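Reading the structure
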Amino acid sequence: QIKDSATLTRDVLEQHFSDLKGTLKKLLDERLMSLLQEVDVIEQESIKPLDECQKLIEHGVSTADDLLREGESAVDGDVGQQNEKLCNFTKKALHIQLDSLPEVPSLVDVPCLSAQLDDCLLTILKNQIFRHGTVASRPPVQLEEFVEKPGGILVRWCKVDDDFVAQDYRLQCRRGTASPFEDVYVGSDTEFMVLHLDPKVDYQFRVCARGDGRQEWSPWSVPQLGHTTLVPHEWTTGLEGYSLSSRRNIALRNDSQSCGVLYSKAPTYFCGQTLTFRQVLLGIETVGQPDRRDSLGVCVEQRDGDDSLQRDRAVCISTNGAVFVNGKEMTNQLPAVTSGSTVTFDMEVVQLGPGSNEGGNFKLRVTISSNNREVVFDWVLDQCCGSLYFGCSFSYPGWKVLVF
């Protein structure tokens, strides 16, 4: 790992500085071209009036020279011709203003081009270059834990550099080791549930961080493999009152008048896991008032004919926050389930002794959480249950439930 990472780091540094040199040369060439164009423009604009002035002066000198030769010719001719030539010369001389010249700008008004080049640029560049880039013996953040979930993995990571102040984290995943990495999470949390993963398939993960106030990302953590052996939670198909997503992990209560409880396809919830329902209300126009029979929860078995999970051998929460155990409402109540609410069920097995008078030989300690509040109670059953079904029931259309 040390040799491979060192070789990769050398390649990255050489490529980066090669690209940097090419970019700097391009920028310097562009700046030089821009300055040379400025010189050309100033030269052309400044020389134009002077060229015109020179042309006027040369034209006046040429005219005076022609007049002088004409005068000499008039004097040198015979008497008859002299009078005529002198008369023409005099008329021509009166129409030519030999005593006027165009205004010539003073020397101080004539542009004198020069280049101002600040040598401190080299000092600034030198200081910036000498501070550019760092070499770290390890990335500032590393993957810490993979927790198997049905059809997914809960990925946790942590900082390993106490001096690094992280603003955001970036988690990437890829199937196997041949496909390219893809972003699955960018944010400030230090854990993320990666869903829609196939069971018993290796996925590779890596994470990096962005320092507070910075734009660039840190080096990637050491890639690690993770997988889940748990099949994804799925709703059962065929119930008329519900429409399912392609992965069958999202159920939508449709406009059908048919009522009933929508169960999971199989008893895929095991004690020791966390079962999460995420509620989403669709367009507010399509959602009726919550009904007291609405429920989200788990049960021992599927049972036809019920219109709610508020029955025996089941625990559930209603959309108004009431908690039911074996059909009986508890005194403790949770906040109402609304748009964006997340409801979680956690259970652990608590064995009863043979002499117990609890009325059963098996019980589960259940924790239901909703909107940062939770209730804890013991659910007594008459038989051992290694796995449970989950279910939901809604009386009005528009409720949408994601389970994971």
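Under an unreviewed UniProt entry, the name given to the protein chain is Cytokine receptor-like factor 3, and the organism recorded is Orthonyx spaldingii. As its UniProt record puts it under Sequence similarities (unreviewed entry), the protein chain is described as follows: "Belongs to the cytokine receptor-like factor 3 family." Note on the protein chain: under the UniProt heading Function (unreviewed entry), the record states "May play a role in the negative regulation of cell cycle progression."

Concerning the overall build of the protein chain
The helix and strand inventory of the protein chain stands at three helices and 21 strands. Within the protein chain, buried positions represent 32% of all 404 residues. Counting contacts in the protein chain only where the partners sit at least 6 residues apart, residues at least 24 apart contribute 60% of the total. With an accessible surface of roughly 25,200 Å², the protein chain has 52% of that area assigned to carbon and sulfur atoms.

Side note on the sheet that holds strand β3 (residues 166-175)
Read from one edge to the other, the open sheet built from four strands follows the order β4-β3-β6-β7, with strand pairing classed as antiparallel. Edge positions in the sheet fall to β4 (182-187) and β7 (224-226), since each has one partner strand and no second. Sheet twist, expressed as the average angle between the axes of neighbouring strands with direction ignored, equals 30 degrees. In terms of strand pairing, β3 meets strand β6 (residues 203-211) through nine bridges, oriented antiparallel.

What about the confidence of the model for the protein chain?
Chain-level pLDDT for the protein chain is 85 on average; 89% of the residues reach the 70-or-more range. This stretch, residues 355-359, has a pLDDT under 50; its non-local contacts, to residues over four places away or in other chains, come to two contacts.

Here we look at the nonpolar core
Within the largest apolar cluster, 35 residues are counted, with the highest numbers of intra-cluster contacts made by F277, M347 and W379. Counting 17 residues, the second largest nonpolar core, distinct from the first, contains I153, V155, L171 and A209.

Considering the state of the cysteines
A full pass over the atoms with the stated rule returns zero disulfides. Not part of a disulfide, C271 finds its nearest cysteine sulfur in C385, a span of 8.1 Å. Among the residues examined, C271 registers a relative accessible area of 23% and is labelled partly exposed. No disulfide involves C384; its nearest neighbouring cysteine sulfur is the one of C385, lying 6.6 Å away.

With respect to the pairing of strand β21 (residues 399-403)
Across the five residues that make up β21, a large majority, four, are buried. Bridging between strand β9 (residues 250-253) and β21 involves three bridges; their strand directions are antiparallel. In the strand pairing of β21, A251 is matched with V401.

Re the packing of aromatic side chains
Scanning the entire structure with this criterion turns up nine aromatic pairs. Their ring planes at 45 degrees and their centres at 6.0 Å tell us that W157 and Y185 sit as a pair that is tilted. Of this pair, W157 sits in strand β2 (residues 152-159) while Y185 sits in strand β4; the two residues are 28 residues apart in sequence, bridging distant segments of the chain. With relative accessibility at 13%, the residue Y185 sits in the buried group. Where F277 meets F345, the ring centres are 5.8 Å apart and the plane angle is 85 degrees; that geometry is what we call edge-to-face. A residue pair is termed long-range when its members are at least 10 positions apart, and F277 in strand β12 (residues 274-281) and F345 in strand β17 (residues 342-351) qualify at 68 residues. The exposure classification of F277 matches that of F345, with both residues buried. Among the aromatic residues, those joined into a cluster by ring pairs are W157, Y169, Y185 and F192. The ring of F181 has R206 lying over it, and the distance from NZ or CZ to the ring centre is 4.1 Å. The ring of Y242 carries R253 above its face, with NZ or CZ at 5.6 Å from the centroid.

Focus on the sheet that holds β2
Read from one edge to the other, the open sheet built from three strands follows the order β1-β2-β5, with strand pairing classed as antiparallel. The two strands at the open ends of the sheet, each matched to only one other strand, are β1 (141-149) and β5 (191-194). Strand-to-strand twist of the sheet, defined as the mean angle between neighbouring strand axes without regard to direction, takes the value 20 degrees. Relative to β5, β2 runs antiparallel, the two sharing four bridges. Across the sheet, residue L154 finds its bridge partner in β5, namely M193.

Thresholds, definitions, all that
Residue indices follow the written sequence of each chain, beginning from 1 at its first position. Local features are withheld for residues below a pLDDT of 70 in this predicted model, meaning they are given only at 70 or higher, and side-chain atom pairs are given and counted only at 80 or more; totals for whole chains, interfaces and linings count all residues. Only hydrogens and water are set aside; all other atoms, that is, all heavy atoms of the structure, feed into the side-chain values. UniProt positions are given in the numbering used here, feature names are shortened, and annotations may be inferred rather than shown by experiment. Elements are defined by DSSP. Helices are runs of H or I of four residues or more, strands are runs of E of two residues or more, and each kind is numbered from the N terminus. The rule is simple: take the accessible area with a 1.4 Å probe, protein chains only, and divide by the maximum for that residue type; under 20% is buried, over 50% is exposed, in between is partly exposed. In what follows, residue pairs with any heavy atoms lying within 4.5 Å of each other are defined as contacts. Note on areas: these come from Shrake-Rupley sampling with a 1.4 Å probe, and a residue is covered only by the protein chains present in the view. Should DSSP find at least two bridges between two strands, the strands are regarded as paired. Axis lines are fitted through C-alpha atoms, for helices just across the contact stretch, and the angle between N-to-C directions can take any value from 0 to 180 degrees. Each residue carries a pLDDT score, the predictor's confidence in it, ranging from 0 to 100. The set of buried Ala, Val, Leu, Ile, Met, Phe, Trp, Tyr and Cys residues whose side-chain atoms join them within 4.5 Å is what this entry labels a nonpolar core. For the purposes of this analysis, a disulfide is any pair of cysteine sulfur atoms at a distance within 2.5 Å. Here is the rule: rings of Phe, Tyr and Trp (six-membered ring for Trp) pair when centre to centre is within 6.5 Å. Planes less than 30 degrees apart are stacked, more than 60 are edge-to-face, and the remainder are tilted. Think of it as a cone above the ring: NZ of Lys or CZ of Arg counts as a charge over the ring if it is within 6 Å of the ring centre and within 35 degrees of the ring normal.

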